[in-house]
Amino acid sequence: MSPSAEHSPATVRLVDVSEAVLEQLLTLAIQDADADEVTPPLGSAAGWNSERISWFREYHHAAAGLDGPAQQKSWAISCDGKPAGSIRLKRTGEGTLETGIWLGRSFRGQGIAREALRLVIGRAAASGAAVLEADTTAGNTAALVLLRSAGATLDEGQASGDAAVPVKARIPLR
């Protein structure tokens, strides 16, 4: 590609998590993300262990819709037709949804998370929610930049013991 050639932006879409998509996401997660970025700490072995793999599958099966029993919905983030990560919405209170996102390492720093967040903000607003929240930590610079770019206000909490300083982001939808 010549230096004057224009770079075309990636096409980012949110894709429902079918069984086939779930297996593609799991493969991406295992090969291109740390287990701690994708799942809660589970099992006695660090990294991608059988407990975390089971949790991953069960989580995406349960996250089938905001009006379902789990009151959450997850999507695969597709970048130019390839799975790049996952994003979710979860009902947490009257008029409030929470979001969370992870991307494979090879998809970071390309604006994919920003576009996926823009798309999920649209879904959250269409659901009637007034506020979209996200939890992160003060040390997660990339998440803080992403959330600020979406218009979030950030409230920093207090660290306790060895725990990282928590940050609550709030994005108004109305």
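The structure we're discussing is the one just above.
Residues numbered from 1 in each chain as written. Predicted model: local features only at pLDDT ≥ 70, side-chain atom pairs only at ≥ 80, totals over all residues. Heavy atoms only, no water.

### Considerations on the overall build of the protein chain
- Looking only at helices and strands, the protein chain features five helices and eight strands.
- Mapped in sequence order, the helices and strands of the protein chain form the string β-α-α-α-β-β-β-β-α-β-α-β-β.
- For a compact globule of 174 residues, the expected C-alpha radius of gyration is about 16 Å, and the protein chain comes in at 17 Å, within 12% of that figure.
- Overall, the C-alpha framework of the protein chain stretches about 50 × 40 × 35 Å when taken along its three principal axes.
- Expressed as a percentage of its 174 residues, the buried residues of the protein chain come to 38%.
- For the protein chain, restricting intrachain contacts to residue pairs at least 6 apart in sequence, the fraction spanning at least 24 positions comes to 54%.
- Per element, the accessible surface of the protein chain, about 9700 Å² overall, is 51% carbon and sulfur.
- If the 17 positive side-chain charges of the protein chain are averaged to one point and the 20 negative ones to another, these points end up 4 Å apart. (Helix = DSSP H or I, 4+ residues; strand = E, 2+ residues; numbered from the N terminus. Rg over C-alpha atoms; globule rule 2.2 N^0.38 Å. Buried < 20%, exposed > 50% of the residue type's maximum accessible area, 1.4 Å probe, protein only. Contact = heavy atoms within 4.5 Å. Areas by Shrake-Rupley, 256 points an atom, 1.4 Å probe, with all protein chains shown as cover. Lys, Arg positive; Asp, Glu negative; His and termini not counted. Charge placed at Lys NZ, Arg CZ, Asp CG, Glu CD.)

### Section: the packing of aromatic side chains
- Here the structure, examined in full by the defined rule, presents three aromatic pairs.
- Where tryptophan 48 meets phenylalanine 56, the ring centres are 6.3 Å apart and the plane angle is 80°; that geometry is what we call edge-to-face.
- Linked through ring pairs, Trp48, Phe56 and Trp102 together constitute an aromatic cluster. (Phe/Tyr/Trp six-rings, centres within 6.5 Å; stacked < 30°, edge-to-face > 60°.)

### Re the packing of helix H1 (residues 19–32) against helix H3 (residues 50–62)
- The interhelical angle for the contact between H1 and H3, taken along N-to-C directions, is 140°, at an axis separation of 11 Å. Regarding the angle of H1 to H3, the classification is oblique. Relative to H3, H1 is oriented so that their crossing is right-handed. The segment H1 lies against H3, with Glu19, Leu22, Glu23, Leu25, Leu26, Ala29 and Ile30 engaging Ile53, Phe56, Arg57, His60 and His61.
- Classifying every residue of the contact of H1 with H3 by side-chain character gives seven nonpolar, two polar and three charged. (Axes fitted to C-alpha atoms, helices over the stretch in contact; angles between N-to-C directions. Parallel < 35°, antiparallel > 145°, perpendicular 65-115°, else oblique. Left-handed = near helix turned anticlockwise from the far one by under 90°. Nonpolar A, V, L, I, M, F, W, Y, C, P; charged D, E, K, R; others polar.)

### What to know about the pattern of salt bridges
- Here the structure, examined in full by the defined rule, presents eleven salt bridges.
- Between arginine 105 and aspartate 34 there is a salt bridge whose closest N-O contact spans 3.4 Å. Pair noted here: arginine 105 is in the loop between strand E5 (96–103) and helix H4 (112–126) and aspartate 34 is in the loop between H1 and helix H2 (35–38), with a separation of 71 residues, a long-range link.
- Salt bridges linked by common partners bring Glu133, Asp135, Lys168 and Arg170 together as one network. (Salt bridge = Lys/Arg side-chain N within 4 Å of Asp/Glu carboxyl O.)

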